[in-house]
Amino acid sequence: MKQRHKLTLVLCGIWVFTLLYGEMFAFWLPFQSSCSWPHLSSPPTSTINGIQSPSDYVKVAVVTDQQLMDKTSIGLSPKSFLLETVMFYTDLYMRRAFFASILPFKPDVVLFLGDYFDGGAFLSDEEWQESLHRFKHIFGLNDNGILRNIKVYFIPGNHDVGYASISSHNPKVIERYEGEFGIRNRQFTIGKVEFVAVDSQAIDGAWVYRNLLASKNLLCVLSGDERRLSFLGGCNGNLASVSWEFIKNVSIDVQLLPRVLLSHIPLYRRDYTYCGPHRSSPIINQRITYSAHNHEIVYQNYLTEESSNQLLDMIKPALVLSGHDHDQCTVTHESKFGPVKEHTVGTLSWQMGNLYPSFMLLSASNSASSNISAPEAAVMTQLCYLPMQTHIYIWYLSLFAVTLLTLLFWPTSGIDFGHHSSDLMASIRLYSSMFKGTKEKSEDEDCEYEMMWDAEGSMHLVKKARVTPLLRPSDKSSVERGNAVMRPTARKNDPQEMEVSMNIDINADTGFDKLTHRTSKSKTKIIIHRLVMTFQMVTVIAVILS
């Protein structure tokens with residue numbers, strides 16, 4: 001019993017260490033070792049007025065594609081046990097990742113690049129409010145949340161407001177999003193870097209696709225205000241008109257600071273474009289699906305080439321940040337003003353098809369000497385990885401199986417390593433003597449065994465010394481001749497001896513049957529006892545760990 005208690009304590013220790021790592025320590029690793037602010041790990045930057053110190057940067061954390069799971073996620077009925085379980089552990093992972101892996105870096109600003117909900121455009125108002133409450137709880141956005149002292153910016157994703165085929169026919173989706181997260185197109189400054197966020201879901205509206213290269217001077221009426229879009233032409237679809245007019249106004253402004261373009265959907269890239277060493281999944285090529293009814297976009301994974309070129313030429317960004325793809329990708333675009341790098345940030349969730357969730361740390365220059373001629377010094381980025389939750393759960397299941405097998409088959413008296421060592425040495429000596437060509441005499445060669453039965457019918461083997469009779473001269477006829485042995489004629493069996501022999505055989509059979517029955521009952525008791533003990537030990541381990 002003491003051996004079982006020792007085994008239980010050892011297993012408890014292994015489980016405690018495993019759970020501490022999987023539920024706590026693994027989330028500390030990005031902050032402790034594998035990630036840091038890029039301006040701290042880079043050498044000091046020279047500026048016109050001297051050396052730019054690390055304190056001249058604003059720290060920005062970038063996260064995207066949380067996609068809180070709901071009834072639209074995996075085809076399960078609402079409020080089902082399996083769906084609630086998946087939602088709970090997905091939310092738990094993102095909350096731990098945000099609080100234990102991201103916030104310890106003490107960012108000054110947090111950028112959310114869209115897709116906060118999985119079915120945001122298809123949820124009822126009540127369901128949407130429920131998902132919003134979960135989102136605020138996960139990321140500390142409540143009134144008493146930790147982000148109340150940190151500046152936060154949001155841009156919409158296709159899972160929040162839908163593509164043009166949905167949002168253009170359901171204004172309520174846009175209204176409730178903007179009522180909670182703010183306007184879809186915005187321009188703001190962090191430090192001495194200008195950020196331009198656009199509603200990329202509306203960029204490639206059907207009217208833009210038809211008239212993007214047109215140069216007509218047409219008048220659009222949007223919400224009662226007359227706004228002239230001389231660079232596009234065509235006014236079908238107000239959402240796209242608003243987005244492109246915002247982009248036009250940004251392009252007219254005098255650019256004094258380096259710009260960063262924020263777009264949930266990545267810009268156009270050629271098929272099979274290499275995404276850099278950080279990508280873990282296969283490359284996804286351009287795919288756009290249009291509605292058969294009104295030719296509006298139902299799905300797209302990249303912006304069109306025409307829209308992408310217009311954005312780069314009009315905004316003139318030094319860097320582009322995007323999401324949507326759920327995996328990391330770094331590409332360089334060519335524009336009229338030179339090469340522009342784009343970072344597609346991976347999903348923060350472990351349920352979105354990426355085994356390696358991630359976030360990004362961005363350092364925005366806060367120096368007055370920042371200028372658009374040196375964007376690499378004004379904006380620096382660092383990709384950071386989160387724990388691989390799928391691997392952690394696989395390890396939990398493997399350890400649980402090992403625990404059960406160990407408790408079921410561990411010897412009751414424990415493992416005597418000294419006994420096994422002596423057996424090993426004896427085997428080694430035996431094999432060594434065989435290879436040397438000598439044979440040790442066994443004491444069993446001079447012994448014989450006799451079967452004895454007690455009063456209860458149990459059989460015992462009694463070891464006796466073997467008597468070797470001396471050969472007389474008259475017995476020479478029984479000596480071997482070649483391979484044959486001459487034996488004297490067997491004497492006639494005595495009836496009395498035959499009766500005794502039969503009685504012995506009957507008693508032997510009876511004793512063997514009793515022995516077999518007792519052995520079977522003993523094995524059953526051992527199995528039941530071992531199962532009960534295993535259940536008790538598993539219960540003890542579970543209670544200790546809880």
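Our subject is the structure listed above.
Described in the following lines is the structure provided in the data block. (Residues numbered from 1 in each chain as written. Predicted model: local features only at pLDDT ≥ 70, side-chain atom pairs only at ≥ 80, totals over all residues. Heavy atoms only, no water.)

1. Section: the sheet that holds strand β14 (residues 329-335)
Short version of the rule: Pairing between strands is defined by DSSP: at least two bridges between them are needed. Secondary structure elements follow DSSP: runs of H or I of four or more residues count as helices, runs of E of two or more count as strands, with numbering from the N terminus. Between N-to-C directions, angles span 0 to 180 degrees; the directions come from axes that are lines fitted to C-alpha atoms, helices contributing only their stretch in contact. In this description, contact between two residues means that some pair of their heavy atoms is separated by no more than 4.5 Å.
Taken together, the six strands give an open sheet; going across it, the order is β6-β7-β10-β13-β15-β14, and neighbouring strands pair in mixed fashion. Each edge of the sheet is formed by a strand with only one pairing partner; in this case those strands are β6 (186-190) and β14. Strand after strand, the sheet turns through a mean of 25° between neighbouring axes, direction not considered. Judged from the four bridges that link them, strand β13 (residues 319-322) and strand β15 (residues 338-344) form a sheet pairing that is parallel. Looking across to β15, one finds that V320 is bridged to E342. With respect to the sheet, helix α10 (residues 238-252) is in contact with β6, β7 (193-198) and β10 (259-263), its orientation differing from that of β7 by roughly 160°.

2. Structural notes on the packing of helix α4 (residues 125-138) against helix α7 (residues 171-181)
Heads up, the condition is: We call two directions roughly parallel when the angle between them is under 35 degrees, roughly antiparallel when it is over 145, roughly perpendicular when it lies between 65 and 115, and oblique otherwise. By definition, turning the near helix anticlockwise from the far helix through less than a right angle yields a left-handed crossing, and turning it clockwise yields a right-handed one. Residues are grouped as follows: nonpolar covers Ala, Val, Leu, Ile, Met, Phe, Trp, Tyr, Cys and Pro; charged covers Asp, Glu, Lys and Arg; every other residue, Gly included, is treated as polar.
The N-to-C vectors of α4 and α7 enclose an angle of 30°; their axes lie 12 Å apart at closest approach. Overall, the two elements α4 and α7 adopt an arrangement that is roughly parallel. For α4 against α7, the interelement crossing comes out right-handed. Here α4 contributes D125, W128, L132, F135 and K136 to the contact with α7, which in turn contributes K172, R176, Y177, E180 and F181. Counted by class, the contact of α4 with α7 contains five nonpolar, no polar and five charged residues.

3. Here's the deal with the packing of aromatic side chains
Cut-off, in case you're wondering: Geometry of aromatic contacts follows a simple scheme: Phe, Tyr and Trp rings, the Trp one being its six-membered ring, pair when their centres are within 6.5 Å, and the pair is stacked under 30 degrees between planes, edge-to-face over 60, tilted otherwise. A 1.4 Å probe rolled over the protein chains alone gives each residue an accessible area, and that area as a share of the maximum for its type sets the label: buried under 20%, exposed over 50%, partly exposed in between.
Counted according to the given criterion, the structure contains 29 aromatic pairs. Seen from their ring centres, F98 and F99 are 5.9 Å apart, and the 80° between their planes marks the pair as edge-to-face. Owing to a relative accessible area of 0%, F98 belongs among the buried residues under this scheme. The structure contains a cluster of three or more aromatic residues connected by ring pairs, namely F98, F99, F112, Y116, F117, W128, F135, F139, F154, Y177 and F181.

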